Amino acid sequence: MRTTARLLTGTALTVAAIGAFAVPAAHAGDEWHESLEIYPSSASPGTTVTVNTLACGKNGRGVGDANSLGAGDFHLKPSTHKEVVVGQFTVPQHAKAGTYGISVACDNGKTARGDLTVTHRRPSGHVQTGVGGSVGPDTTQVAAGAAVLAATAVGGAWFLRRRASGARGH
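Residues numbered from 1 in each chain as written. Predicted model: local features only at pLDDT ≥ 70, side-chain atom pairs only at ≥ 80, totals over all residues. Heavy atoms only, no water.

S.K.: For this particular structure, what's the right way to read the state of the cysteines?
M.R.: Such a bond, covalent and formed between the sulfur atoms of two cysteines, is termed a disulfide. According to the stated counting rule, one finds one disulfide in the structure shown. Two residues share a disulfide in this structure: Cys56 and Cys106, whose sulfurs sit 2.0 Å from each other. Around the S-S axis, the bridge from Cys56 to Cys106 shows a dihedral of about -75° and counts as left-handed. With a gap of 50 residues between them, Cys56 in the loop between strand 4 (48-53) and strand 5 (62-66) and Cys106 in strand 8 (residues 98-106) connect regions that are remote in the sequence. Assessed through its relative accessible area of 6%, Cys56 is described here as buried. (Disulfide = S-S within 2.5 Å. Helix = DSSP H or I, 4+ residues; strand = E, 2+ residues; numbered from the N terminus. Buried < 20%, exposed > 50% of the residue type's maximum accessible area, 1.4 Å probe, protein only.)

See the structure below:
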């Protein structure tokens with residue numbers, strides 16, 4: 001009985017010791033980031049995106065980082081709203097669809113982070129494939145096609161009528 005109690009006590013103490021050292025290590029790399037509002041949160045290439053945060057404080061300034069997207073750095077300046085800083089960047093034309101992390105480093109040492117989702121617009125209007133009638137009908141081609149179909153129909157009817165009458169060519 002004493003052996004079982006010692007075994008259980010030893011196991012419990014070992015688990016507690018490992019847990020005590022593991023928890024601080026797990027949170028040691030986590031950094032606290034303030035909220036970064038991104039509008040629109042979903043944008044297509046060519047769209048101007050506005051970001052704002054309270055992290056920089058009243059009359060604060062900061063530098064935004066949209067390098068993951070390929071848009072580079074952008075500056076944040078105080079806005080007309082109390083304690084809010086604002087900045088803008090444009091989603092590059094070459095940006096691929098996906099979710100990108102956007103971050104801000106304020107002059108006061110605080111940071112803010114948010115995500116932007118890049119989507120691609122669906123084509124509207126005529127599809128430029130280079131072949132086919134997707135742009136509109138060409139009157140000359142329609143007339144030529146109708147003439148070929150009419151000639152084929154007349155020729156086929158003449159051939160069938162001639163064959164049905166028993167006429168044979170020599």
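S.K.: What should I look at first to understand the side chain of Thr47 in this one?
M.R.: Structurally, Thr47 can be placed in the loop between strand 3 (42-43) and strand 4. A relative accessible area of 16% means that Thr47 is categorised as buried. A polar contact of 2.8 Å, which involves the side chain of Thr47, links it to the backbone oxygen of Ser44. In contact with Thr47, not counting residues within four places along its chain, are Pro40, Phe89, Thr90, Val91 and Arg121. (Polar contact = N/O pair within 3.5 Å; in protein donor to acceptor, adjacent residues only side chain to side chain. Contact = heavy atoms within 4.5 Å.)

S.K.: Before we go on, may I ask you to explain the pairing of strand 4 in this structure?
M.R.: The two faces of the sheet receive side chains in turn, since in a regular strand these alternate between them. Across the two faces of strand 4 the burial differs, with Val49, Val51 and Thr53 buried and Thr48, Thr50 and Asn52 not buried at all. Note: strand 2 (residues 37-39) against strand 4, three bridges, orientation antiparallel. Residue Ile38 lies in a different strand from strand 4, and its bridge partner there is Val51. Strand direction decides the pairing type here: strand 4 and strand 7 (residues 85-90), joined by six bridges, are antiparallel. Bridge assignment links Val49 to a residue of strand 7, and that residue is Phe89. (Pairing = 2+ DSSP bridges.)

S.K.: What is the right way to look at the side chain of Thr53 in this model?
M.R.: One can find Thr53 in strand 4. Here Thr53 falls in the buried class, since its relative accessible area comes to 3%. Here the side chain of Thr53 touches Ala55 through a polar contact of 3.1 Å, landing on its backbone nitrogen. In this view, Thr53 contacts Glu34, Ser35, Leu36, Glu83, Val84, Val85 and Ala112; residues no more than four positions away in its chain are not counted.

S.K.: Would you mind showing me how to read the environment of Thr117 here?
M.R.: Looking at where Thr117 falls in the secondary structure, it is placed in strand 9 (residues 111-118). The class for Thr117 is partly exposed, based on a relative accessible area of 29%. Between the C-alpha atoms of Thr117 and Gly101, which are 16 residues apart in sequence, the distance is 8.9 Å. Not counting residues within four places of it along the chain, the set of residues in contact with Thr117 comprises Ser41, Ser42, Ala43, Gly98 and Thr99.

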